[in-house]
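# Observations on chain architecture
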Amino acid sequence: MYLILLEFFTPGCFPFRSTMPTDTKRVRGPEVSQSPSLFLCKPTVVPPPHGRRADGRQRDQVDVRPVFVRCGLVSQAKGSAYIEAGNTKLMCCVYGPRETERKDETDMKCGRLTTDMRFAPFSCPERGSWIQGSQDKDFSLMLHESLQPALCLHKYPRSQIEVNVMVLENSGSVLAHAVTCASLALADAGIEILNQISGLQSDGEMTEETLTAGVRTCIEGCYKLYPVIQQALAKAVRRAAPPPSES
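On the surface, Ile197, Ile219, Tyr223 and Tyr226 cluster together into a nonpolar patch covering about 410 Å² of accessible area. You can see Ile219 is positioned in helix 3 (residues 208–240).

Structural data, given as structure tokens:
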């Protein structure tokens, strides 16, 4: 906000100065400002193919990210879970089983699974929108294909199970952690799941031996997550259990 100084000259008179009143409702800017170029994103550094990764993990060993999980956080949902794997953070809510709304597209002898996976606008370096885009739809479809073979839908006829995943921060391997978070939320909801490999995603060309070794490495990584998942479920059951009656 600048003060405007006006000068009026009249022959034979001294200059008359008038000061404009200040606007007290406007918020003044900072006295010291910084260049916007300081906030530009730095170029992505490609890590070397050998050695440790940027977060300190080994490349040639089964070294999973540090994982923190917790379930039973959303009281409105039948089951819920939260997972942190490094800087990747996700939240999942499960609703159902409940009566399906579209009976014409549902097998009466088997339940129906619906999945919805979305990225929060602040989850990526470039801010997105709340409207579901093509990337969200693709991840929702892949999440559905990964969960449906493992769910015992034949035990929930004429019902629908909804799985909603929200990505709070994306730092890689978001689909794999979404499957883990959804599985934990389904278990928290009391929905039975089979113990099997329900999905496999790979990019690029590789030999059969390399693919087999990669699958074996992934299975070993899953076994490392089992104690963390079991501990989170046990804590949720103890919190939900009624207090012992005094007799």
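Strand order in the open sheet made by the five strands is 3-4-5-7-6, with mixed pairing throughout. Each edge of the sheet is formed by a strand with only one pairing partner; in this case those strands are strand 3 (67–71) and strand 6 (112–119). Averaged over all pairs of adjacent strands, the angle between strand axes in this sheet comes to 15 degrees, irrespective of strand direction. Across seven bridges, strand 4 (residues 79–85) lies against strand 5 (residues 88–99) in antiparallel orientation. Note on strand 5: the bridge partner recorded for Ile83 is Leu90. The strands touched by helix 1 (residues 134–147) within the sheet are strand 6 and strand 7 (159–169), with strand 6 carrying the most contacts at an inclination of about 140 degrees.

As a further point, take the nonpolar core. Taken as a class, soluble globular proteins show a tendency for nonpolar side chains to be buried jointly. Core analysis: the biggest nonpolar cluster contains 34 residues, and Val94 and Val163 have the highest contact counts within it. Of all elements in the fold, only strand 3, strand 4, strand 5, strand 6, helix 1, strand 7, helix 2 (174–188) and helix 3 reach the threshold of two or more residues within this core. Ranked by the residues each element gives to this core, the list is headed by helix 2, at nine residues. The contacts of Val163, once residues within four sequence positions are left out, are Cys92, Cys93, Val94, Leu113, Thr114, Thr115, Asp116, Leu147, Ala182 and Leu186.

The next point concerns the pattern of salt bridges. Going through the model one piece at a time under the given rule, you end up with four salt bridges. With a shortest N-O distance of 2.8 Å, Arg98 and Glu162 are connected by a salt bridge. In this pair, Arg98 sits in strand 5 while Glu162 sits in strand 7, placing the two residues 64 residues apart along the sequence.

Cut-offs and rules
Sequence order as written defines residue numbering, which begins from 1 separately in each chain. Totals for whole chains, interfaces and linings use all residues, but because this is a predicted model, local features are given only for residues with pLDDT of at least 70 and pairs of side-chain atoms are given and counted only at 80 or more. With hydrogens and water excluded, all non-hydrogen atoms of the structure serve as input to the side-chain values. The patch calculation keeps residues exceeding 30% relative accessible area without a salt bridge and links them within 9 Å when they carry like charges or within 5 Å when they are nonpolar (Val, Leu, Ile, Met, Phe, Trp, Tyr). Areas reported here follow the Shrake-Rupley algorithm with a probe of radius 1.4 Å; residue values treat only the protein chains shown as occluding. In the sections that follow, a salt bridge refers to a side-chain nitrogen of Lys or Arg positioned within 4 Å of a carboxyl oxygen of Asp or Glu. Numbering of helices and strands starts at the N terminus; helices are DSSP runs of H or I of at least 4 residues and strands are runs of E of at least 2. DSSP-based pairing: two strands are paired if at least 2 bridges between them are found. Lines fitted to the C-alpha atoms define the axes, with helices restricted to the stretch that makes contact. Angles between their N-to-C directions range from 0 to 180 degrees. Residue contacts follow a heavy-atom distance rule, with two residues in contact if any of their heavy atoms lie within 4.5 Å. Nonpolar cores are built from buried Ala, Val, Leu, Ile, Met, Phe, Trp, Tyr and Cys residues. Side-chain atoms within 4.5 Å join them into one set. Between buried and exposed lies partly exposed: a residue is buried under 20% and exposed over 50% of the maximum accessible area for its type, with that area taken using a 1.4 Å probe on protein chains only.

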